[in-house]
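Residue-level structural notes
Single-letter residue listing:
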Amino acid sequence: MAEEGPPEASIDFVPALCFVPRGVAKDKPDKIVLTQAELARIIGATQQELDEESDDDEAEEGGGEDGEGMDVDDNEDANSENRNPQDEFHFQDYDNEENATVTSLANIVDAGEQVPDEDEDSEAEDEVIKPSDNLILVGHVQDDAASMEVWVFNQEEEALYTHHDFLLPSFPLCIEWMNHDAGSDKVGNMCAIGCMDPIITIWDLDIQDSIEPTFKLGSKGSRKQQKEQYGHKDAVLDLSWNRNFEHILASGSVDQTLILWDMDEGQPHTTITAFGEKVQSLEFHPTEAQSILTGCADGYVRLFDCRDADAVNSSSIQWKVNGEVEKILWHPTQSDYFIVGTNDGSLHYADKRKPDELLWSVKAHNEEISGVCFNSQMPNLLTSTSTEGTLKVWNFNSAEAKHVYEHEFNMGRLQCMRQCPEDPYTLAFGGEKPPRCAIFNIKNSVAVRRTFGIADAE
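Residues numbered from 1 in each chain as written. Predicted model: local features only at pLDDT ≥ 70, side-chain atom pairs only at ≥ 80, totals over all residues. Heavy atoms only, no water.

**Let's talk about the overall build of the chain**
- The helix and strand tally for the chain stands at four helices and 30 strands.
- Looking at the chain as a whole, 50% of its 458 residues are labelled buried.
- Working note: accessible area of the chain is about 21700 Å², and carbon and sulfur atoms make up 44% of it. (Helix = DSSP H or I, 4+ residues; strand = E, 2+ residues; numbered from the N terminus. Buried < 20%, exposed > 50% of the residue type's maximum accessible area, 1.4 Å probe, protein only. Areas by Shrake-Rupley, 256 points an atom, 1.4 Å probe, with all protein chains shown as cover.)

Okay, structure coming up:
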């Protein structure tokens, strides 16, 4: 009788992904080497954190008499809709208040100093990241385990493979690449990850096999350690890095707030609370560093000028749409304009100079919009994806949008779509069924080439 293999995962999908530009990653990422003593210290520190969290929970249970504690059952009810039912080990309840750096936990060995193993010679070529390679950061959820896989994509060689991965403390919901390395005067290769957990983690992509983030944004607080809570109080749904003020990162949350983080200080700079529901999408303006656009589940798109922190909550420009706003995105070259995607599958196009007015609306999909991308090389080309599992291409102007092409991926619900920085026709998708992460070039479509006057590939 044949042996049965391990059971297939009941939950297995890619909720978030992100491209890394070519030429920014180290050709050979540094590796972490732990001694037995360091490993024992890490295990001990982790156990201590869990013990302290347990003590804090017990203190909260007994805190109702003095009015300072919150009933545990009430707290669980408040967060139950955001807790994964498969979360057997309660990852999202781990205490993540320490801003420990990777270097405090392990020795980082430069790739040039590593001694090659004869058994690894066959894999050596794949380990080298070429200047022509993109990295794709793939958030992967499999049952109650969460990880980020670092894939290598070479368009010219048509190569796509996993380079390495590392475990995450909670289910990833959004990933944002940035080149700002806080505390360093050198250009970095970093990413921020927002999860079901309210703590944002920042990772150095030039370090392989990371066991801890470089630093964290936010704290759940600890009574025993007398540490105050700061940052978000619930899941982080979207992130946007300010490419003009590179030390600023914005985050939107289920807790109905938007926070502008000063990554050099590791603290919130501005907290915006002018929302009636969870903040699901946000993006800084491409050229106006003070402007940030937000999409909220209350059906409002809001544009904030963040220069005056005291007045920012009462001075936004607004647009109202039907349903919940799932995605917002600035046009990269015609930057007065932006697109809005909603949970009923509609797309809306608007001009920031015309508050509360939509230039056009179209019922693009039958289910919620899960991704939108403009095309910097073809300003009238728009792509959209939906949880129904379909990619659609649109030819649009300021008055209307016309359907050009659609593609069914057979990957179940499409959870996310991102665009290659160097080739806006190349898109990456995350879904629920194998292969769960796919790359697709829309120039493969005859209809796309004809509509937009794109020459056939030789």
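**Notes on the sheet that holds strand 30 (residues 437-441)**
- Read across the open sheet, the three strands follow the order 28-29-30; overall the sheet is antiparallel. The outermost strands of the open sheet, each flanked by one partner alone, are strand 28 (416-419) and strand 30. Here the average twist between neighbouring strands, direction ignored, is 25°.
- Of the pairings in the sheet, the one linking strand 29 (residues 426-430) to strand 30 comprises five bridges and is antiparallel in character. Pairing of Thr426 across the sheet is with Asn441, part of strand 30. (Pairing = 2+ DSSP bridges. Axes fitted to C-alpha atoms, helices over the stretch in contact; angles between N-to-C directions.)

**Digging into the pattern of salt bridges**
- Taken as a whole, this structure holds 18 salt bridges when the rule is applied.
- Across the pair Lys26 and Asp30 runs a salt bridge whose closest N-O atoms are separated by 2.7 Å.
- What makes Lys26 partly exposed here is its relative accessible area of 32%.
- A salt bridge links Lys402 to Glu400, with the shortest nitrogen-to-oxygen separation between them at 3.7 Å.
- Among the charged side chains, a network of salt bridges with common partners joins Glu288, Asp336, Asp351, Lys352 and Arg353. (Salt bridge = Lys/Arg side-chain N within 4 Å of Asp/Glu carboxyl O.)

**Digging into the packing of aromatic side chains**
- Counted according to the given criterion, the structure contains 14 aromatic pairs.
- Their ring planes at 85° and their centres at 6.0 Å tell us that Trp177 and Trp241 sit as a pair that is edge-to-face. Here Trp177 is found in strand 7 (residues 172-180), whereas its partner Trp241 is found in strand 12 (residues 236-241), with 64 residues between them in sequence.
- When its relative accessible area of 8% is taken as the criterion, Trp177 is described as buried.
- For Trp241, a relative accessible area of 3% translates into the label buried.
- Where Phe374 meets Phe396, the ring centres are 5.8 Å apart and the plane angle is 50°; that geometry is what we call tilted. Of this pair, Phe374 sits in strand 24 (residues 369-374) while Phe396 is found in strand 26 (residues 390-396), placing the two residues 22 residues apart along the sequence. (Phe/Tyr/Trp six-rings, centres within 6.5 Å; stacked < 30°, edge-to-face > 60°.)

**Notes on a nonpolar patch on the surface**
- Side chains of Leu34, Leu39, Ile43 and Ile211 sit close together on the surface and give an oily, nonpolar patch of about 320 Å² of accessible area.
- Mapped onto the elements of the fold, Ile43 is located in helix 1 (residues 36-61). (Patch = residues over 30% accessible without salt bridge, like charges linked within 9 Å, V, L, I, M, F, W, Y side chains within 5 Å.)

**A closer look at the nonpolar core**
- Counting residues in each nonpolar core, the largest one holds 43 residues, and the members touching the most others are Leu137, Met148, Ile200, Ile202 and Leu249.
- Examining the composition of this core, we find that five residues originate from one element, strand 8 (residues 187-195), more than from any other.
- Ranked by size, the runner-up nonpolar core spans 20 residues in total, among them Leu414, Met417, Leu427 and Phe429. (Core = buried A, V, L, I, M, F, W, Y, C linked by side-chain atoms within 4.5 Å.)

**Some remarks on the pairing of strand 13 (residues 248-253)**
- Counted residue by residue, strand 13 has six buried out of six residues, so it is predominantly covered.
- Burial along strand 13 is two-sided: Ile248, Ala250 and Gly252 and Leu249, Ser251 and Ser253, pointing in opposite directions, are all buried.
- Bridge analysis of strand 12 against strand 13 gives five bridges, and the strand direction is antiparallel. Among the inter-strand pairings, Trp241 is bridged to a residue of strand 13, identified as Leu249.
- Taking the residues that link successive antiparallel strands as the turn, the strand 12-strand 13 hairpin has six residues.
- Inspection of the sheet shows strand 13 paired to strand 14 (residues 258-262) by five bridges, in the antiparallel sense. Paired with Leu249 across the strands is Trp261, a residue of strand 14.
- Hairpin connection of strand 13 to strand 14: four residues between the antiparallel strands, including Gln256 at a positive phi of 70°.

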